[in-house]
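Each chain, written out:
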4 protein chains.
Amino acid sequence: MIPKPTTKEQAVPRKGAAELAERKRPTQDERRAAILAAALDVFAENGFAAARLDDVAQKAGVAKGTLYLYFPDKQALFEALLQGLVSPVLQRIEALSADAALPASAILDGILTLFQTEIIGTNRERILRLIISEGPRFPKIAEFYHREVISKGREIIRTIAARGYERGELRSDAMAKFPQLFFAPLLTAVVWRSLFSRFDPLDVNAMIECHRKLMLGQKDEESPK
Amino acid sequence: MIPKPTTKEQAVPRKGAAELAERKRPTQDERRAAILAAALDVFAENGFAAARLDDVAQKAGVAKGTLYLYFPDKQALFEALLQGLVSPVLQRIEALSADAALPASAILDGILTLFQTEIIGTNRERILRLIISEGPRFPKIAEFYHREVISKGREIIRTIAARGYERGELRSDAMAKFPQLFFAPLLTAVVWRSLFSRFDPLDVNAMIECHRKLMLGQKDEESPK
Amino acid sequence: MIPKPTTKEQAVPRKGAAELAERKRPTQDERRAAILAAALDVFAENGFAAARLDDVAQKAGVAKGTLYLYFPDKQALFEALLQGLVSPVLQRIEALSADAALPASAILDGILTLFQTEIIGTNRERILRLIISEGPRFPKIAEFYHREVISKGREIIRTIAARGYERGELRSDAMAKFPQLFFAPLLTAVVWRSLFSRFDPLDVNAMIECHRKLMLGQKDEESPK
Amino acid sequence: MIPKPTTKEQAVPRKGAAELAERKRPTQDERRAAILAAALDVFAENGFAAARLDDVAQKAGVAKGTLYLYFPDKQALFEALLQGLVSPVLQRIEALSADAALPASAILDGILTLFQTEIIGTNRERILRLIISEGPRFPKIAEFYHREVISKGREIIRTIAARGYERGELRSDAMAKFPQLFFAPLLTAVVWRSLFSRFDPLDVNAMIECHRKLMLGQKDEESPK
DNA sequence: TATGAATGAGCCTTCATTCAT
DNA sequence: GATGAATGAAGGCTCATTCAT
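Please read these numbers as outputs of a predicted model, since none were measured by experiment. (Residues numbered from 1 in each chain as written. Chains lettered and ligands numbered in written order. Predicted model: local features only at pLDDT ≥ 70, side-chain atom pairs only at ≥ 80, totals over all residues. Heavy atoms only, no water.)

Thoughts on the relation of the copies chain A and chain B
For the pair chain A and chain B, the superposition axis carries a translation of 0.0 Å, the fit reaches an RMSD of 0.2 Å, and the rotation angle comes to 179 degrees. In short, the pair behaves as if placed about a two-fold rotation axis. In terms of C-alpha distance to the rotation axis, chain A has Ser133(A) as its closest residue, with the C-alpha 2.2 Å off the axis. A symmetric contact is evident, with 100% of the interface residues of chain A recurring at the interface of chain B. (Least-squares fit on C-alpha atoms with pLDDT ≥ 70 in both. Contact = heavy atoms within 4.5 Å.)

Okay, structure coming up:
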């Protein structure tokens, strides 16, 4: 269970230890990551209140006390978990939206694709679920997420939608007014999957494709894909 | 706080109790209702795991043991709560949709209005929140809700959307394929309100109006409101 | 360990229950008293920090959770314990000292006798030990004890000593200035007993007799006892 | 706070470390002393059970593991602490009492003065407090202290008091029989200060002066101060 | 020798559930 | 039926001690 030291590539330490694929003692970063990964599993499965730190420790392969070397308490661990995995996707969205020369539909397509590939089915989806479920009881999390993700995402969509509407690419300025309408089906997909996918799976890609058409106001013939 | 059994000197005790202005001993149905109402408060505020039956009992004005006379355990109380408040709205939706002569837009409008008046701001919204949050850990609830509400609602929207598309009222058959797209903004509204309304309130009605336009594929001029 | 409800051979249940020596279900007062008695044992033996509530519960014959029905937490239990056993002795001292006609020596003798019979060897001595040991970490306790016992006792001694000095019964007004000098040997007896009595027992009565002589300034011949 | 080992560029490191004004790497004795000093702080403030070795290590400027290089465990550290600071004062008392030519009152005065200057307000007072508080749970300490200090001090007082009584310097042989009576006010001063000095400070010197008069059986006129 | 991260037994406290009244 | 005191299993957190470096 506990990795043996493996003082590796030293000149001649401890025999042939180096070439072994053996477990080395994890660095603090690795341990922290292991704890967070375990915490995601346990919190996602049970919710905050019902999650047991015993389980987190066991999954992370550390002693219970070790958790407290990395996080002051259960709530801090939870909050750290929810604040640790957000940015990269948003940055890619920002990058996408920066090119004003692109047609709105292309940018929105790109964002939808990112959602399909980088969120659905990944840990980020589980984080999202946790934020939806537990956010109301963790104002700090809700505010953080609103500030770091929601408000930025909203601005991006608002800009794109407004520009697309002015250019005549979009039939309506609805999304410029309420960018939430752009994200609503994505949120719905996440919620659906968490609730019903066991017995009524959702074809997320197909639904998003329909959403795209609706959003762009295309008539059905117009859509390729 | 709670009416003592009134051990007093009533010449004709307990007979015409109803017409007495004094607090009468609650009937079982009233007690059950009080417990469920209290449970909604407590579960909605804390989630299932963190909710304390002590609080439920106190809010309901009964002793803790009394809860167990009405529900076998905490989970049963929770499940009873989530299965008790769904039907009436759905029935009204079914009624609305039954009139095939109505234009699709009118029916959808009606449904949206029902949502705005009968869900948002009511206990039903809190139930919905609970289902979203806790559903994944209560398969029974998720299945029940899917069977009783989701699948029916989906069928209704599918029918209306298909009919509207055939009649040319809708520019796209997206919603016929994925009725979730119709409900997505409503779900989003509920989630938003639970997470962000404290510091970033959402104008649900305005958003729904935008959703309506987008859905119907109207150009902006076409919408009166 | 836990008194069984005694569903026994009562022909006419519940009637003649009183005269049976059988264990009846303890009243709340009895339970509270049992908890406090157990707490005294456990705290006296281990000190506050090292005392285990498990042991208290076991000694009191109740479940661990029951403690929390009577006291909000460990500290409250401890404080309740230390504030529960003081008054009667002080009242008797006050009664003794009220009679100004008595010679000072008689009153002081009476107080010393009370100490020997009502404190030494009783639970009050253990309480005293706890106050001495733990008081510095429980300001509330120290203040309470100072207010309720120390300051009153000091006033009493001061009055008696001053009066005795004026009357020529006492050779010195030392005790009128520092009544602590009257109590010092008593405190010392308690401390000695807690530390050394195992291997060097102290004849408290004899020491107190010597203290009396010293205090009264008698030459040795004068005191028979 | 604590001297970092000073890993700097010393041309001639570690040789004439003593005469360098800079902080040198502490010797083992210094480290031991630092640990004991820190332990006194921490144990005095919290008592044995509630004291944290973390705090001791931090105050001593060493790592927690280092404590275990110097003391096998917490209890051994505590015991070492309580056995380390006693002797010098006792030796001075012994020296004082050795001169049989001195009048008893002079020797007793000397001892009282030593107490006032060498105990009250110093670390020795804190040690004394710890012995009083924790002694009952540390028989080894109590026995050590009894053997090394108490019994010796008692013998000294007994000798002086007996001699003084024979010579007619003391009106009573009370203290010859119970030397505890001599120390009682000193003990009382220590206990009082630990419990009440925050809100009811004690003038220790004045009290001891009164004690002296009482002890010597002087009438008030006789003592100047 | 010194470090401090890691361990895990132990303890206070909570709360769903029971049951005597 | 209704009560609420009592129960005791469970979980968050602490901290003395260990051990790889």
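Considerations on the interface of chain A and chain B
Taken together, the 57 residues of chain A in the interface contact 58 residues of chain B. Taken together, the two surfaces of chain A and chain B that pack against each other cover about 4700 Å², and 65% of this comes from carbon and sulfur. Interface area lost by chain A to chain B is led by Arg171(A), Phe178(A) and Leu214(A), which between them contribute 15%. Put simply, chain A and chain B have three salt bridges between them. Measuring nitrogen to oxygen at the nearest pair gives 2.9 Å for the salt bridge that ties Asp200(B) to Arg154(A). Where chain A packs against chain B, one counts nine residue pairs in polar contact (both at pLDDT 80 or more). Considering every element that reaches the side of chain A that touches chain B, the biggest residue donor is helix α10 (residues 180-196) of chain A, with 11 residues. When grouped by side-chain class, the residues that make up the side of chain A that touches chain B number 28 nonpolar, 12 polar and 17 charged. (Buried area = accessible area lost by both parts, 1.4 Å probe. Salt bridge = Lys/Arg side-chain N within 4 Å of Asp/Glu carboxyl O. Polar contact = N/O pair within 3.5 Å; in protein donor to acceptor, adjacent residues only side chain to side chain. Helix = DSSP H or I, 4+ residues; strand = E, 2+ residues; numbered from the N terminus. Nonpolar A, V, L, I, M, F, W, Y, C, P; charged D, E, K, R; others polar.)

Re the interface of chain D and chain C
Between chain D and chain C, the contact holds 58 residues from the first and 58 residues from the second. When chain D packs against chain C, close to 4700 Å² is buried across both sides, 65% of that on carbon and sulfur atoms. There are four salt bridges connecting chain D and chain C. Linking chain D with chain C are 10 residue pairs in polar contact (both at pLDDT 80 or more), by the criterion used here. At 11 residues, the largest contribution of residues to the side of chain D that touches chain C is made by helix α10 (residues 180-196) of chain D. Split into classes, the residues belonging to the side of chain D that touches chain C amount to 29 nonpolar, 12 polar and 17 charged.

Here's the deal with the relation of the copies chain D and chain C
Once chain D has been moved 0.0 Å along the axis and rotated by 179 degrees, it coincides with chain C to within an RMSD of 0.1 Å. A shared binding surface is used by both copies, with 100% of the interface residues of chain D retained as interface residues in chain C.

Some points on the packing of helix α1 (residues 28-50) of chain A against helix α4 (residues 74-82) of chain A
Residues and elements named next belong to chain A. Running from N to C, α1 and α4 point in directions that differ by 100 degrees, and their axes come no closer than 9 Å. Here α4 runs roughly perpendicular to α1, going by the angle between their axes. Contact residues: Arg32, Ile35, Leu36, Ala39, Leu40, Phe43, Phe48 and Ala49 in α1; Lys74, Gln75, Leu77, Phe78, Ala80 and Leu81 in α4. Here the contact of α1 with α4 is built from residues that sort into 11 nonpolar, one polar and two charged. (Axes fitted to C-alpha atoms, helices over the stretch in contact; angles between N-to-C directions. Parallel < 35°, antiparallel > 145°, perpendicular 65-115°, else oblique.)

Side note on the side chain of Ser194(C)
Residue and element names in this part refer to chain C. Mapped onto the elements of the fold, Ser194 is located in helix α10 (residues 180-196). By relative accessible area, which is 19% here, Ser194 ends up buried. Reaching out from Ser194, the side chain makes a polar contact with the side chain of Arg129 at a distance of 2.9 Å. A polar atom in the side chain of Ser194 sits 2.7 Å from the backbone oxygen of Val191. (Buried < 20%, exposed > 50% of the residue type's maximum accessible area, 1.4 Å probe, protein only.)

What to know about the confidence of the model for chain A
Looking at chain A, pLDDT values average 86 and 85% of them are 70 or higher. Across residues 1-22 of chain A the pLDDT falls below 50, and counting only partners more than four positions away or on other chains, this stretch makes 22 contacts in the model. (pLDDT = per-residue confidence, 0-100.)

Quick notes on the packing of aromatic side chains
All names here are of chain A. In the structure shown here, the tally under the stated rule is 32 aromatic pairs over all chains. Considering the side-chain rings of Phe43 and Phe78, the 4.8 Å spacing of their centres and the 65 degrees angle between planes classify their relative orientation as edge-to-face. Taken together, the positions of Phe43 in helix α1 and Phe78 in helix α4 put the pair 35 residues apart, joining distant regions of the chain. Summarising the burial analysis for this pair, Phe43 and Phe78 share the class buried. What links up through ring pairs into an aromatic cluster is the set Phe43, Phe48, Phe78 and Phe138. A cation over a ring is seen here: Lys74 above Phe48, with NZ or CZ 4.7 Å from the ring centre. (Phe/Tyr/Trp six-rings, centres within 6.5 Å; stacked < 30°, edge-to-face > 60°. Lys NZ or Arg CZ within 6 Å of the ring centre and 35° of its normal.)

Notes on the protein's contact with DNA strand E
Near DNA strand E you find 34 residues, and of these Arg31(A), Thr66(A), Tyr70(A), Arg52(C) and Thr66(D) are the closest. A share of 65% is what sugar and phosphate atoms reach among the atoms of DNA strand E within 4 Å of the protein. A distance of 3.4 Å separates a base nitrogen of DNA strand E from a polar atom in the backbone of Gly65(A). Contacts to DNA strand E include Lys74(B), whose backbone N or O atom sits 3.0 Å from a phosphate oxygen. Counting only elements with at least two residues in the surface near DNA strand E, the list comes to α1 and α3 (64-70) of chain A, α3 (64-70) of chain B, α3 (64-70) of chain C together with α3 (64-70) of chain D. When grouped by side-chain class, the residues that make up the surface near DNA strand E number 15 nonpolar, six polar and 13 charged. (Near = heavy atom within 4 Å.)

Focus: the environment of Arg154(D)
Mapping Arg154(D) onto the fold places it in helix α8 (residues 139-166). Exposure remark for Arg154(D): the relative accessible area of 17% places this residue in the buried category. Considered as a pair, Arg154(D) and Ala176(D) are 22 residues apart in the sequence and their alpha carbons are 9.0 Å apart. Ignoring anything within four residues of it in the chain, the contact list for Arg154(D) reads Trp192(C), Asp200(C), His146(D), Pro179(D) and Gln180(D).

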